[in-house]
Amino acid sequence: MYLYNSATHKKEEFKTHTPGRVEMYTCGPTVYHFAHIGNLRSYIMEDVLEKYLRFAGYDVNRVMNITDVGHLSSDADTGEDKMLKGAKRENKTVMDIAKFYTDAFFDDCRKLNIKRPDVVQPATGCVDEYIKIISKLVETGYAYLAGGNVYFDSSKLARYYIFNDHDEDDLAVGVREGVEEDQNKRNKNDFVLWFTKSKFEDQALKWDSPWGVGYPGWHIECSGISMKYNGEYLDLHCGGVDNAFPHHTNEIAQSESYLGHPWCPHWFHVHHLNDPAGKMSKSKGEFLTVSLLEEKGYDPLAYRWFCLQSHYRKTLVFSWENLDNAAAAYAKLLNRIAALAPEGEVNQAVFGEYRERFLRQVGNDLNTSMAVTAVFDALKAETNDATKLAVIGEFDKVLSMNLLEKAAAIREKAAQATKSGGGDYVITGQGDPEIDAKVLARYEAKKAKNFAEADRIRDELKAQGIEVTDVKGGAAWKRV
Ligand code: AMP
Ligand code: ZN
């Protein structure tokens, strides 16, 4: 596979420390609020990457943290702990907030077919690891104590701005909007490894440490958790592009200083999903969630499809119109797959040829829009339906769009409609089997002259924002 590497600023052949095995790490969510669909764009693309690597034959060990402590409202270690902010907002304990939003995050992931990583580790569960690393950094002179906190000394490194070709001043913490300079820092890019001097006396979670009772900084958690579960040599580190600086830069600084050798050669950063008004952000409080998409009647997988259509290294702009287009394209695709007849024998030569091409095309910097195109190409292939279905099923191991399952459900429903007498009644909609079923129920009520029931169903659909129009030989519905 060829993958763009933010550490070298170029597309490179992806190689691993141990042949055939990928040690992969993903920065997990900060669980003080629901994940927004921008966060989930990053997790969708990382999920596709993991599935592609498995599809290509790698054995993958994927590790993810859950940030439940230490992430302050500014990434530059100032402001309030985000978890505490969430707890205050909802009048709950930090642990309650963490549990609730961790569960909510994995619910969203399930709806979007994002696989749960092999290891999911809350940051609060690995404090001993951080203390071990920080102790060594203090001993070896990479870290110092000032004003009650332990800081990493960025001046001890020959190379610090690994992801950026920018000027040091462009990235300097002091010039970033709304960030106040911490007077304890010896150098402006030093960062906190361990806080004992919280500005907030009511910091909820604290642990004993050689430097006093306190809590870990945000950056150390990813190094500690990765080293514990991925070992000393990480192959691939992922996150959204905003994580590159300072979070990932700091992870590299502390990990390599601790280990004494290079840590992770390959860095994968997903660019942002923006709404037309700008960047989507949790801290602003107003953002789009998977639940909101569902409330508006969208299948969450339509959002996954929307994400797959564009490249992870391009900013993606969200609009309802764009989502509608993706939902309609997905529904149309499902109907086309449903029209294929599953009977017959798979042509292994054609299957192998399509698989090979998919591997090559998608393996060119995770080209997911090519993966989408590949499904349409398979539909047009000069081969029998059984082979087309097998090829599409194979691609779906990476895409995870439930293509075969949903198409089979449509096929099944059509067969049932025939049995129940609605055989010639054709429903044209946006590929939502539940809505189709209600439209069919309305038709059957009308046929049975139960007009009250038919009207009730129509009103129910209307309340869901669905408009049904009777057309020749059936009905058409759309979201309004
Ligand atoms: P957080 O929960 O804020 O720690 O972020 C979780 C993940 O979402 C991180 O990998 C971020 O880099 C990523 N992220 C944050 N905002 C966006 C966005 N608008 N679009 C895509 N990814 C994002
Ligand atoms: Zn991280």
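Here the residue index of a chain counts from 1 through its sequence in written order. The lettering of chains begins at A and the numbering of ligands begins at 1, in the order of writing. The model is predicted, so local features are restricted to residues of pLDDT at least 70 and side-chain atom pairs to those at 80 or more, both for listing and for counting; the totals for chains, interfaces and linings are taken over all residues. Side-chain metrics rest on all non-hydrogen atoms present in the structure, leaving aside hydrogens and water.

> Residue-level account of the coordination of the zinc ion (ligand 2), with values.
Distances from the zinc ion (ligand 2) to its protein donors, Cys27 (SG), Cys222 (SG) and His247 (NE2), fall within 2.0 to 2.1 Å. Water is absent from the atoms considered, so a metal site may look incomplete; donors are defined as N, O and S atoms within 2.8 Å of the metal, or 3.2 Å for Na, K and Ca. Mapping the donors of the zinc ion (ligand 2) onto the primary sequence gives the spacing C-x194-C-x24-H. Remark: Cys222 occurs in helix H6 (residues 218-230) and Cys27 occurs in the loop between strand E3 (21-26) and helix H1 (37-55); sequence separation between them is 195 residues. Cys222 matches Cys27 in its accessibility class, with the two residues each being buried. Numbering of helices and strands starts at the N terminus; helices are DSSP runs of H or I of at least 4 residues and strands are runs of E of at least 2. A simple rule labels every residue: compare its accessible area, found with a 1.4 Å probe on the protein chains alone, to the largest value its type can have, and call it buried under 20%, exposed over 50%, or partly exposed in between.

> Which residues make up the packing of aromatic side chains, and what values go with them?
In this scheme Phe, Tyr and Trp rings, the latter by its six-membered ring, pair at centre separations within 6.5 Å, and the angle between planes marks the pair as stacked below 30 degrees, edge-to-face above 60, and tilted otherwise. Scanning the entire structure with this criterion turns up 20 aromatic pairs. Relative to Phe105, the ring of Tyr43 lies with its centre 5.0 Å away and its plane at 75°, an arrangement referred to as edge-to-face. One end of the pair, Tyr43, is in helix H1; the other, Phe105, is in helix H3 (residues 94-111), with 62 residues separating them in the sequence. Between Trp194 and Trp211 the ring centres are 6.0 Å apart and the planes differ by 55°, which places this aromatic pair in the tilted class. Of this pair, Trp194 sits in strand E8 (residues 191-195) while Trp211 sits in the loop between E8 and strand E9 (215-216), and the two are 17 residues apart along the sequence. Trp211 carries the same exposure label as Trp194, and that label is buried. Counting every residue linked through ring pairs, the aromatic cluster contains Tyr298, Tyr303, Phe306, Phe318 and Trp320.

> Account for the nonpolar core, with residues named and values stated.
In plain words, nonpolar cores are sets of buried Ala, Val, Leu, Ile, Met, Phe, Trp, Tyr and Cys residues tied together by side-chain atoms within 4.5 Å. Leu49, Leu53, Leu236, Tyr303 and Leu366 are the most contacted members of the largest nonpolar core, which totals 91 residues. By residue number, the principal contributor to this core is H1, which donates 10 residues. Whether two residues are in contact is decided by their heavy atoms: any pair within 4.5 Å suffices. Beyond its immediate chain neighbours, meaning those up to four positions away, Leu53 contacts Met1, Phe14, Val22, Met24, Tyr58, Val60 and Leu236. Listed in part, the 44 residues of the second largest apolar core include Cys126, Phe195, Tyr215 and Ala244.

> For the pattern of salt bridges, give the residues involved together with the corresponding values.
The salt bridge definition used is simple: a Lys or Arg side-chain nitrogen within 4 Å of an Asp or Glu carboxyl oxygen. Under the counting rule described, the total for this entry stands at 30 salt bridges. Taking the shortest distance from any N to any O, the salt bridge between Arg456 and Glu460 comes out at 2.6 Å. Of the two residues, Arg456 and Glu460 both sit in helix H16 (residues 451-463), 4 residues apart, roughly one turn of that helix. In this structure, Arg458 engages Asp470 in a salt bridge whose closest nitrogen and oxygen atoms are separated by 3.9 Å.

> Please set out the sheet that holds strand E14 (residues 316-317) residue by residue, giving values where relevant.
Across a sheet, strands are paired by hydrogen bonds formed along the backbone, either parallel or antiparallel in direction. Here, a strand pair is defined by DSSP locating no fewer than two bridges between the strands. Strand order across the open sheet formed by 3 strands is E13-E12-E14, with mixed pairing between neighbours. Edge positions in the sheet fall to strand E13 (278-279) and E14, since each of these pairs with one other strand and no more. Looking at chain direction, strand E12 (residues 273-275) and E13 are connected through 2 bridges and run antiparallel. Looking at the pairing, Asn274 lines up with Lys279 of E13.

> Can you break down the sheet that holds strand E15 (residues 426-428) residue by residue, with the values?
The 3 strands lie next to each other as E15-E17-E16, forming an open sheet whose pairing is mixed. The sheet terminates laterally at E15 and strand E16 (466-471), the two strands that pair on one side only. Looking at each pair of strands side by side, their axes are set apart by 20° on average, direction ignored. Axis definition: a line fit to C-alpha positions, over the contact stretch in the case of helices; interaxial angles, taken between N-to-C directions, run 0 to 180 degrees.

> Please provide a residue-by-residue account of the confidence of the model for the protein, values included.
A residue's pLDDT is the confidence the predictor assigns to it, expressed on a 0 to 100 scale. Here the protein averages 89 in pLDDT, while 91% of its residues score no lower than 70. Overall, residues 165-178 carries pLDDT values under 50, and its contacts beyond four positions in sequence, including any with other chains, amount to 24 contacts.

> Outline helix H4 (residues 127-139), listing residues and values.
Residues spaced three or four apart along an α-helix point in a common direction, a consequence of the helix completing one turn every 3.6 residues. A helix is expected to span 1.5 Å for every residue after the first. Between its terminal C-alpha atoms H4 stretches 18 Å, which fits the 18 Å expected from 13 residues at 1.5 Å a residue. Every buried residue of H4 is accounted for by Val127, Glu129, Tyr130, Ile131, Ile133, Ile134 and Leu137. In this structure, the buried residues of H4 make contact with strand E6 (143-146), strand E7 (149-152), E8, E9, H6 and helix H7 (244-259).

> Describe in detail the environment of Pro216, supporting the description with residues and values.
Note that Pro216 resides in strand E9. Assessed through its relative accessible area of 1%, Pro216 is described here as buried. A C-alpha to C-alpha distance of 9.0 Å links Pro216 and Ala123, two positions 93 residues apart in sequence. Setting aside anything within four residues of it in sequence, one finds Pro216 in contact with Val69, Gly70, Tyr130, Leu193, Trp194, Phe195 and Trp207.

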